[in-house]
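Fold and geometry: a report
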Amino acid sequence: MLEGKTAVVTGASRGIGRAIALELAEQGAQVIINYNGSCENAGKVKQEIEAKGGKAETIPCNVGDFEQCAELIGGVIKTFGSIDILVNNAGITRDGLLMKMSEKDFDDVLAVNLKGAFNTMRAAARQMIKQRSGRIINMSSVVGICGNAGQVNYAASKAGVIGVTKSAAKELASRGITVNAVAPGFVETEMTAVLSDKVKEEAVRQIPLGRFGKPEDIAKTVAFLASEEAGYITGQVIQVDGGMAV
Ligand code: NAP
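Summary of the structure given here. (Residues numbered from 1 in each chain as written. Predicted model: local features only at pLDDT ≥ 70, side-chain atom pairs only at ≥ 80, totals over all residues. Heavy atoms only, no water.)

Along the backbone of the protein chain there are nine helices and seven strands. For 246 residues, the compact-globule estimate of 2.2 N^0.38 gives 18 Å, and the C-alpha radius of gyration of the protein chain, at 17 Å, lies within 12% of that figure. Taking the principal axes of its C-alpha atoms as reference, the protein chain extends roughly 50 × 35 × 35 Å. When each of the 246 residues of the protein chain is scored for burial, the buried share is 48%. Residue pairs in contact within the protein chain that sit at least 24 positions apart in sequence constitute 74% of those at least 6 positions apart. With an accessible surface of roughly 11900 Å², the protein chain has 53% of that area assigned to carbon and sulfur atoms. (Helix = DSSP H or I, 4+ residues; strand = E, 2+ residues; numbered from the N terminus. Rg over C-alpha atoms; globule rule 2.2 N^0.38 Å. Buried < 20%, exposed > 50% of the residue type's maximum accessible area, 1.4 Å probe, protein only. Contact = heavy atoms within 4.5 Å. Areas by Shrake-Rupley, 256 points an atom, 1.4 Å probe, with all protein chains shown as cover.)

Dropping the structure here:
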């Protein structure tokens, strides 16, 4: 259980991040729900948590912005006195074939998905080192492991997240901090809702467990990695993909 822990979940206004925020709160953590533009949705997640007797705050921050991340994490430490769990979940897609992808679409995806994780980890690491404890969980994707046509930007960002995770795990292990990545397959969220039925049917055929994942499938894994019981796991990439990328 996570009583007394302070957890920051980026991109927690909907989808996987929302499920993670709810799960961590259910297990007793005080949760900071980060969002970029969806203030109303973030407020609803806070209300859901509070309705179940949990504790939550909402804080806006564009994770692609280094200074904003320093303010986000600095504010959390000032207000709550610690940062015990950092979940870098915020992510975007700007899909397109390599030949047609704009430089902006490449840069924007890298800025949020990869640099965003660096920005918050950079800001949180000093405090976690002081505490001599911490849990960092970064959201990768099976696409970062296998690649995917139409997603060179997204695949690069999610492969990068794995590199950042493994490197930081080696740097921070001696201070009692674990750093792991979760690599979901297809999960039912707004991000995948835009896919055509044909693409979805084809995707399900590639999943041995025969269904898309649910946000809760990912949230349970994140909560385990955030727990005391996962204290001997670091630098790992846990695939939660129904066997898709085996
Ligand atoms: P989603 O439904 O599109 O939600 C994305 C979340 O990220 C929203 O809360 C959004 O908040 C936030 N966000 C976007 N840009 C941000 C920024 N610059 N700063 C702060 N927050 C930002 O996505 P999802 O499907 O839940 O995916 C969550 C994570 O899992 C992502 O990293 C994604 O790449 C990864 N993933 C998803 C799948 C899948 O099948 N769904 C598979 C593998 C990996 P605002 O609306 O406020 O911007």
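Past the structure itself, the notes keep going.
As a further point, take the site of the ligand. Among the 32 residues in the neighbourhood of the ligand, the closest are listed as S13, S38, N89, Y154 and T189. Contact distances for the ligand include 2.7 Å between an oxygen atom and a side-chain N or O atom of S13. A distance of 2.7 Å is found between an oxygen atom of the ligand and a backbone nitrogen or oxygen belonging to G37. Taken by itself the ligand offers 890 Å² of open surface, and the protein chains cover 94% of this. Those elements that provide at least two residues to the shell around the ligand are α1 (15–26), β2 (30–35), α6 (152–172) and α7 (190–193). Element by element, the count of residues in the shell around the ligand is highest for α7, at three residues. Grouping the constituent residues of the shell around the ligand by class yields 14 nonpolar, 15 polar and three charged. (Near = heavy atom within 4 Å. Polar contact = N/O pair within 3.5 Å; in protein donor to acceptor, adjacent residues only side chain to side chain. Nonpolar A, V, L, I, M, F, W, Y, C, P; charged D, E, K, R; others polar.)

Moving on: the side chain of N138. Considering the arrangement of structural elements, one finds N138 in strand β5 (residues 134–139). Owing to a relative accessible area of 1%, N138 belongs among the buried residues under this scheme. Those residues in contact with N138, other than ones at most four positions away along the chain, are N88, A117, M121, V161, T165, V179, N180, A181 and V182.

Taken together, the side chains of L98, F106 and V152 define a hydrophobic patch exposed on the protein surface, amounting to about 260 Å² of accessible area. V152 sits in the partly exposed class, given a relative accessible area of 34%. (Patch = residues over 30% accessible without salt bridge, like charges linked within 9 Å, V, L, I, M, F, W, Y side chains within 5 Å. Salt bridge = Lys/Arg side-chain N within 4 Å of Asp/Glu carboxyl O.)

With that out of the way, let us pick up the packing of α1 against helix α2 (residues 39–51). The contact between α1 and α2 brings their axes to 10 Å, and the two run at 25°. Taken together, the axes of α1 and α2 lie roughly parallel to each other. Judged by the sense of rotation from one axis to the other, the crossing of α1 with α2 is right-handed. In this structure, α1 uses R18, A21, L22 and A25 to contact α2, whose residues at the interface are V45, E48 and I49. (Axes fitted to C-alpha atoms, helices over the stretch in contact; angles between N-to-C directions. Parallel < 35°, antiparallel > 145°, perpendicular 65-115°, else oblique. Left-handed = near helix turned anticlockwise from the far one by under 90°.)

Now for the sheet that holds β2. Judged by pairing direction, the sheet is parallel, and its seven strands sit side by side in the order β3-β2-β1-β4-β5-β6-β7 without closing on themselves. Here the strands that pair on one side only, and so sit at the sheet edges, are β3 (55–60) and β7 (237–240). Direction aside, the axes of adjacent strands within the sheet are offset by 20° on average. (Pairing = 2+ DSSP bridges.)

Let's shift gears to helix α9 (residues 215–226). Every α-helix winds through 3.6 residues per turn, so residues three or four apart in the chain are directed the same way. An ideal rise of 1.5 Å per residue puts 16 Å on twelve residues; α9 measures up with 17 Å between its terminal C-alpha atoms. Listed in full, the buried residues belonging to α9 are P215, I218, A219, T221, V222, A223, L225 and A226. Contacts made by the buried residues of α9 are with α1, β4 (85–88), β5, β6 (177–184) and β7. (Expected span 1.5 Å × (residues − 1).)

Right, let's talk about the pattern of salt bridges for a bit. Enumeration according to the criterion identifies ten salt bridges in this entry. Residue K46 pairs with E50 through a salt bridge whose shortest N-O separation is 2.8 Å. You can see K46 and its partner E50 sitting in helix α2, four residues apart, about one turn around the helix. With its nearest N and O atoms 3.9 Å apart, the salt bridge here joins K46 to E57. With K46 in helix α2 and E57 in strand β3, this residue pair connects regions lying eleven residues apart in the sequence. The exposure class assigned to E57 is partly exposed, which follows from its relative accessible area of 34%. Taken together, the shared-partner salt bridges connect K46, E50 and E57 into one network.

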